[in-house]
Amino acid sequence: MAADKRSVFWIFVSVVCVVVVSAAVTEKLLHVPMFEVGSIWFRLTHLADDLNGNLFSRLSDISLLCATVYLASVIGGFFLLREAYRLFFVPLNRVRLQEDVGYLPDGRFSNRDLANMVQKRRMVGEIPPVYPNGWFGLIESHRLNKSEAINIGLLGLNLAVFRDDNGEAHAIDAYCPHMGANLAAGGRVVGDCLECPFHGWQFRGADGKCTKIPYTDSIPDIAKVKSWPVTELNGWIYLWHHAEGLDPTWKIPEIEEIQNGEWKFRGRSEHHINAHIEEIPENGADVYHLGQVHGPIMMAGIDLRFMYSKLWEFAKHEWTACWEALPAPNAHIGQIKLTHSIKMFGKRLPPVDLSVDGQQIGPGIVYLKFDNLLGKGAFLQSLTPEGPMMQRLVHNIYVHWKMPIIIAKFFMLGEALQVERDIMIWNNKCYEAKPLFVKSKEDTLIARHRRWYQQFYSENSPRFKFQKETLEW
Ligand code: FES
Ligand SMILES: [Fe+2]
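The residue numbering used here restarts from 1 in each chain and proceeds along that chain's sequence as written. Here the convention is simple: chains get letters from A, ligands get numbers from 1, in the order in which they are written. Per-residue local features are limited, in this predicted model, to residues with pLDDT of at least 70; the limit for side-chain atom pairs, both in listing and counting, is 80 or more; totals at the level of whole chains, interfaces and linings are taken over all residues. Values reported for side chains reflect all heavy atoms of the structure, with hydrogen atoms and water molecules removed beforehand.

Overview of the side chain of His317
- In this description a helix means any DSSP run of H or I spanning at least four residues, a strand means any run of E spanning at least two, and both kinds are numbered starting from the N terminus. Mapped onto the elements, His317 comes out in strand E14 (residues 315–325).
- Polar side-chain contacts of His317 include one of 3.0 Å to the backbone nitrogen of Met298.
- Think of a polar contact as two N or O atoms within 3.5 Å of one another; within protein, one of them needs to be a possible hydrogen donor and the other a possible acceptor, and neighboring residues in sequence only count if both atoms come from side chains. Within the local environment of His317, its side chain forms a polar contact with the side chain of His340, the two groups lying 2.8 Å apart.
- Contacts between residues were defined by any pair of non-hydrogen atoms, one from each residue, lying within 4.5 Å. Not counting chain neighbours up to four residues away, the residues in contact with His317 comprise His294, Gly295, Pro296, Ile297, Met298, His340, Ser341, Ile342 and Gln418.

In structure tokens form, the structure reads like this:
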């Protein structure tokens, strides 16, 4: 919606600019009043016929040509300026839907069909519960305006998420207990409540209680919806989910530089991944895959089949990594230490060196703070199950306000492209419940990660039983 409004705004600005410049050129330079512009265009269309004839004797036509070139340059220049502005000053927004990335193209099927087929083929074996316990990113703060409500489906829930008139965010079950209307599909924010679009019942965000029924004063106690614990920090609205209904057992750490505005938002990527949720954080403890999957230079692309081309061997990414679980009371945090550099013809490029201090905070949040020659910043990763085997993975980049935006965008793009290589693995693999680990520190680390992750499942964590389906007709 916001993008549509922006497009309309830019089209409006373009039209105004063209009109203003046309008027200026015709009136001031060519001394042709505005009302004659129509005839100018008419004569212009006939200019080609005259080009064989007495072009040089028709000064007015040359003026027309100049005017046309001038106008074309103004319009072209304007669009060029707009693109330059976008490149240098507008944060990156890279969105890749489920069918966009990570499948092996097959001429006979669309990527969406392929995604479904991959899912069907994979439907075998035991997998861990599909919705772990913890804090999960609902939506980035800047994407939910004051007095706005939106419908979000995640963790098997259908939620109406809204920001009340005081700016506070709430998440309540979307279906109205009266007759089942979706509160976020046309519901209005009224004070700290969300009003159902069907018969106008109002529900308070903080506790889900119905506070008003327009046609009666008697409101039954059971007239309420479930209100979910939410918290807002580091540019995100997070939701607490626990299968046993426990209140939050840990807090999300603040990133002070984001909270105090020293680090600014410079871009985001959003990917939708066809995999079990645990596959994605497990990557953080899988140190060997870094060289294998993320070694080829980013220009080599995201298709695992082609990125080992000799063409790109002159440059590569180099990584070192380690992972460990923190002790109580921070046992829900896994600590990642990472370094990254690029070598070109055997020489390191210091401007892209990154030293990363990362934290996996529960099952759905990762903060990767980095230090670079050009400044400090952080990638914020939010991983939220949209369905049993469908994940939404969002990355944000925040950097010190002095770092040029285009540099931050380059880092964000680099991160997104590397993730897209992982997605080709995740989309096509199965969750291997009994992996064939060999005696090595690499596989031992992955095993430790699996043990650490167990804490996010509990007795009632939702499980998903695959039905063995066949692709036969
Ligand atoms: S369905 Fe919501 S008020 Fe009737
Ligand atoms: Fe990876």
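Remarks on the sheet that holds strand E3 (residues 149–154)
- Pairing between strands requires that DSSP locate at least two bridges from one strand to the other. Spatial strand order, E3-E4-E5-E10: four strands in an open sheet with antiparallel pairing. Whereas interior strands pair on both sides, the edge strands pair on one side only; in this sheet they are E3 and strand E10 (227–228).
- Here strand E5 (residues 169–173) runs beside E10; their pairing, made up of two bridges, is antiparallel. Each bridged residue has a counterpart across the sheet, and for Ile172 the counterpart in E10 is Ser227.

As for the pairing of strand E2 (residues 134–140)
- Counting buried positions over the seven residues of E2 gives seven, a clear majority of the element.
- With six bridges joining them, E2 and strand E12 (residues 236–241) adopt antiparallel strand pairing. Its bridge partner lying in E12, Trp135 is registered against Trp240. Only protein chains enter the accessibility calculation, which uses a 1.4 Å probe; a residue whose area is less than 20% of its type maximum is buried, one above 50% is exposed, and one in between is partly exposed.

A closer look at empty space enclosed by the protein
- Here a cavity means grid points, on a 1 Å grid over the protein atoms only, where a 1.4 Å probe fits yet cannot get out; a pocket means an open set of points with protein on both sides within 12 Å along at least five of seven lines; lining residues are those with an atom within 4 Å of a point. Grid points are joined across faces, edges and corners, and a volume is the space filled by probe spheres set on the points. Applying the stated rule across the entire model yields two cavities of 30 Å³ or more.
- Approximately 630 Å³ is the volume found for the largest cavity.
- Top element by residues in the lining of the largest cavity is helix H9 (residues 405–428). It accounts for eight residues.
- Looking at the lining of the largest cavity residue by residue, the class counts come to 20 nonpolar, eleven polar and two charged.
- In this structure, the second largest cavity occupies an estimated 30 Å³ of space.
- Together, Pro281, Gln360, Gly362, Pro363, Gly364, Ile365, Val366, Gln381 and Leu383 line the second largest cavity.
- When contributions to the lining of the second largest cavity are tallied by element, the ones reaching two or more residues are strand E18 (365–372) and strand E19 (375–387).
- When residue character is reported, Ala, Val, Leu, Ile, Met, Phe, Trp, Tyr, Cys and Pro are called nonpolar, Asp, Glu, Lys and Arg charged, and the others, Gly included, polar. Looking at the lining of the second largest cavity, its residues break down into five nonpolar, four polar and no charged.

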